[in-house]
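# Overview (structure and organization)
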There are 2 protein chains.
Amino acid sequence: MVKIAVMGFGIVGSGVVEVLAENSAGITRRTGTEIAVKYILDIIDGKDSPFANMIIKDFSIIENDPEVKIVVETIGGVGAAYDFTKRSLLAGKSVITSNKELVATKGLELMAIAKEKNVNYLFEASVGGGIPIIRPIGQCIAANEIDEIYGILNGTTNYILTEMIECGTSFEDALKQAQAKGYAESNPTADVEGFDACRKISILSNLCFGRNVDPDSLSVKGISDVELLDVECAESLGYKIKLLGRAVRTGEDKITAYVEPHLMSASALLANVNGVMNAIVIKGNAVGELMFYGPGAGKRPTASAVIADVIDAAKHLAARKCYGWDEGFDGYVTDSAELVTHWYLRVSDKSKAVSAFADAEFVECAALVEGEVILITSPLTRKEMENASSAIEVRASYRILD
Amino acid sequence: MVKIAVMGFGIVGSGVVEVLAENSAGITRRTGTEIAVKYILDIIDGKDSPFANMIIKDFSIIENDPEVKIVVETIGGVGAAYDFTKRSLLAGKSVITSNKELVATKGLELMAIAKEKNVNYLFEASVGGGIPIIRPIGQCIAANEIDEIYGILNGTTNYILTEMIECGTSFEDALKQAQAKGYAESNPTADVEGFDACRKISILSNLCFGRNVDPDSLSVKGISDVELLDVECAESLGYKIKLLGRAVRTGEDKITAYVEPHLMSASALLANVNGVMNAIVIKGNAVGELMFYGPGAGKRPTASAVIADVIDAAKHLAARKCYGWDEGFDGYVTDSAELVTHWYLRVSDKSKAVSAFADAEFVECAALVEGEVILITSPLTRKEMENASSAIEVRASYRILD
């Protein structure tokens, strides 16, 4: 039997405890031993919980109990979660987390401690919720040099965009719907402005390209400026607007990573990932293109990913998994503005636009305001696009994913 | 350094050797040691190959060389591949294979030998080509009880169906195109009649539900009877026809598995998997629905999956991976005819059909022959559907995937 502690009894933590109980027979069979929750750390009393007898408030009980070999951290944030994770690792316990903020900002340090202590720090649930993605990158495509990874990494924004695309709902109304359904928080900034997706693409970039990226250094643009007009025009051109986190190898030991809404061909599989679902595309030099699709959040899907890590850690109490990455360095992350793509531009003045973008394709759209025109540029960096459009009013601009 | 042998220098085997050479720096870094090919076993001379100095014709050289720790079997079939795999395992070597026929028919025996000898028999490449699927099932969703798995498991038939759907090409012409492009063999029976997909769904079923299924015992229907008329009518009803391998839990320690063309909603993600690409959907009781998409065949994608197993085996020379399943038993696999679904039926006589299927939905389609009608039944087993339609001429019948 392996004893574990769960820190944080919110949505994910309670899902972990419940799924462990519900599927215990199969989990025991597949692990080769029983996984038993000994403590649940939370500030709640939990008197009414069927797990009330396990709830404690003092972390040092976990820290000082040598019987606890694995600690699940589902607290979130970088305060207590960081402190307790570090102390758990230093106490020789493996830690499993769903905390993308902590992995993205402190992962390098925590993995170094785990290595020193010969324990595991695993984080399958930190990206893509229930979608297996960390382990597939680390193991299943290890024969490849990865050229690019991108995906729909945030369910809230994908729900809002899907409502805008399929029902013609405005951003503001779609956000209210998402809040009413519990898909968006009352303060939706982290989701809507792309910060959540930024942490996830940072972690994916670290794994795929082998060096640490500071999420705060990346260019991030969310969806709060997306207008229905552009959703409609994009549709008439055969595109859908999707918020993507994207990381691309740009040279020998150089990458770029960023988050922003893109136009994608409506026939691309990723463009058909709707609602709160997530999906991640990886391009490897041997395998070609792969896509992983599933629920990117939620109690039971996230618990599924957390418990997969718990099982793995329980089977390898004496062995270390080798997920990890090295330090970054100055110049490793290049400016995403240098990335060359076609652009969708909605501009105010066709005659000026024609002279500014001689080789662009100009298209009409019924929804346009008098005098506006849409153009699809030839492949340009952001700077080239902005320089060429300096004399015209650009009312909307989107990268087009090829 | 870990020395390996590659048996069979055809498309997949040569891909393995080439990708190992091309990506050797990254593979060495991720493995923690170099993986070096010592022998290539093939009946060819290979004088012009850059790997000519490694090519041997006598398996016993590999068998008797204690330096060779891992053997890659890319011979195919159950003749020499079976013999050499068994002897390699008995000689204490791990074996990695892309051979779905061998895994589906002899996997249980070969895994037992591997267990006895404390070596690994790994087969990520046997299903879904380059798509990571075996390891995700074994590890990433180990917290789940799996309810169902299905997918597009054969690229040749998906290419043919895609041509029929998108270009209105007849089955015969689409098959000729597939042969001209090298996607179909000159004798296409194994692909077109569903036998290849059957081996793959057998392996997936074994992994997901834990017991061995005899692929020869499953109901298998391919696509050679699919008519353009039904492709068109399905489209007008919002469906696409896709060949699916499917395995479903039907009770306590009971499953069913089969291969046949299905109608699926055109808006389902899987219905938008086109051409030679494959995709597999898994439904787990914690995670919900996942989909894994990628190239289901081809030299480099398959090599990517084989090498992932080689890396895993090289990192765990002294440890065993726990993929495997138990013996089946009489009554474990139930008749797929008992599975309840809606049915699409094209029948000759509307008035008789109306009395036979009182609660069906009757639909018209411009492409129908005079007097024909299409109906969508209420949920029925195959036997119920066949009984109800005994008095009418059924010209086409397809299960509808809900």
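Residues numbered from 1 in each chain as written. Chains lettered and ligands numbered in written order. Predicted model: local features only at pLDDT ≥ 70, side-chain atom pairs only at ≥ 80, totals over all residues.

## A look at the overall build of chain A
Within chain A, the regular secondary structure consists of 14 helices and 16 strands. Against the compact-globule benchmark of 21 Å for 402 residues, chain A has a radius of gyration of 23 Å, which places it among compact chains. The dimensions of chain A, computed from C-alpha atoms along their principal axes, are 75 × 45 × 35 Å. The proportion of buried residues among the 402 residues of chain A is 52%. Contacts spanning at least 24 positions in sequence make up 74% of the contacts within chain A whose residues lie at least 6 apart. (Helix = DSSP H or I, 4+ residues; strand = E, 2+ residues; numbered from the N terminus. Rg over C-alpha atoms; globule rule 2.2 N^0.38 Å. Buried ≥ 20, exposed ≤ 12 C-beta atoms within 10 Å, placed from the backbone. Contact = placed C-beta atoms within 7 Å.)

## So, the sheet that holds strand S2 (residues 35–41) of chain A
All names here are of chain A. The strand order S3-S2-S1-S4-S5-S6 describes an open sheet built from six strands, whose pairing is parallel. Of all the strands in the sheet, the pair left with one neighbour each is strand S3 (55–56) and strand S6 (121–122). The sheet contact formed by strand S1 (residues 2–7) and S2 spans six bridges and is parallel. Residue Ala5 lies in a different strand from S2, and its bridge partner there is Tyr39. (Pairing = 2+ DSSP bridges.)

## Examining the interface of chain B and chain A
Counting residues at the interface gives 40 residues for chain B, matched by 40 residues for chain A. Grouping the amino acids of the side of chain B that touches chain A by side-chain chemistry returns 23 nonpolar, 10 polar and seven charged. Relative to strand S12 (residues 288–295) of chain B, strand S12 (residues 288–295) of chain A is paired through three bridges, and the arrangement is antiparallel. Bridged to Phe292(A) within S12(B) is Phe292(B). (Nonpolar A, V, L, I, M, F, W, Y, C, P; charged D, E, K, R; others polar.)

## What about the pairing of S12(B)?
All names here are of chain B. Summarising burial for S12: six of the eight residues are buried, a large majority. As paired strands, strand S11 (residues 277–284) and S12 are joined by eight bridges and run antiparallel to one another. In the sheet register, Lys283 faces S12, and the bridge partner there is Glu289. In this structure, the hairpin formed by S11 and S12 is closed by a connection of three residues.

## Some details on the environment of Ser389(A)
All names here are of chain A. For Ser389, the location among the structural elements is in the loop between helix H14 (382–388) and strand S16 (394–400). Note: C-alpha distance between Ser389 and Ala353 (36 residues apart in sequence) is 7.4 Å. Other than its neighbours up to four places away in sequence, Ser389 contacts Leu345, Val347, Ala356 and Val394.

## Details of the relation of the copies chain B and chain A
Least-squares fitting of chain B to chain A yields an RMSD of 0.0 Å, with the transformation described by 0.0 Å of translation along the axis and a rotation of 180°. Such a turn and shift between the copies fits a two-fold axis. Among all C-alpha atoms of chain B, that of Phe292(B) lies closest to the rotation axis, at 2.5 Å. When the interface residues of chain B are mapped onto chain A, 100% of them again fall at the interface, so both copies present the same face. (Least-squares fit on C-alpha atoms with pLDDT ≥ 70 in both.)

## Remarks on the sheet that holds strand S2 (residues 35–41) of chain B
Residues and elements named next belong to chain B. Reading across from one edge, S3-S2-S1-S4-S5-S6 is the order of the six strands in this open sheet, with parallel pairing throughout. With one partner strand each, in any of the chains shown, strand S3 (55–56) and strand S6 (121–122) form the two edges of the open sheet. Here strand S4 (residues 68–73) pairs with strand S5 (residues 94–97) via four bridges, running parallel. Note that in S5 the partner of Val72 across the bridge is Ile96.

## Details of the environment of Leu243(A)
Residue and element names in this part refer to chain A. Its place among the elements puts Leu243 in strand S9 (residues 239–251). Accessibility expressed as a C-beta count within 10 Å gives 25 for Leu243, which makes it buried. Here the alpha-carbon distance between Leu243 and Asp65, two residues 178 residues apart in the chain, equals 44 Å. Among all residues touching Leu243, those that are not within four sequence positions of it are Ile152, Asn154, Thr157, Asn158, Leu161, Gly194, Ala197, Gly222, Ile223 and Pro261.

## Observations regarding the nonpolar core
Grouped together as the largest cluster of nonpolar side chains are 265 residues, with contacts concentrated most on Tyr293(A), Ile307(A), Val310(A), Tyr293(B), Ile307(B) and Val310(B). Contact partners of Tyr293(B), with chain neighbours within four places excluded, come to Leu269(A), Leu290(A), Met291(A), Tyr293(A), Ile131(B), Val273(B), Met277(B) and Ala279(B). (Core = buried A, V, L, I, M, F, W, Y, C linked by C-beta atoms within 7 Å.)

## Some details on the domain arrangement of chain A
Residues and elements named next belong to chain A. We note that the domain assignment places domain 1 (2–129 + 299–315), domain 2 (134–295) and domain 3 (340–400) within chain A. Just the C-alpha atoms count here: the centres of domain 1 and domain 2 sit 27 Å apart. Listed per partner, the contact involves 13 residues of domain 1 and 15 residues of domain 2. For the side of domain 1 that touches domain 2, the leading source of residues is helix H5 (residues 100–116), giving six residues. Across the side of domain 1 that touches domain 2, the residue classes break down as six nonpolar, four polar and three charged. (Domains from an automatic or database assignment.)

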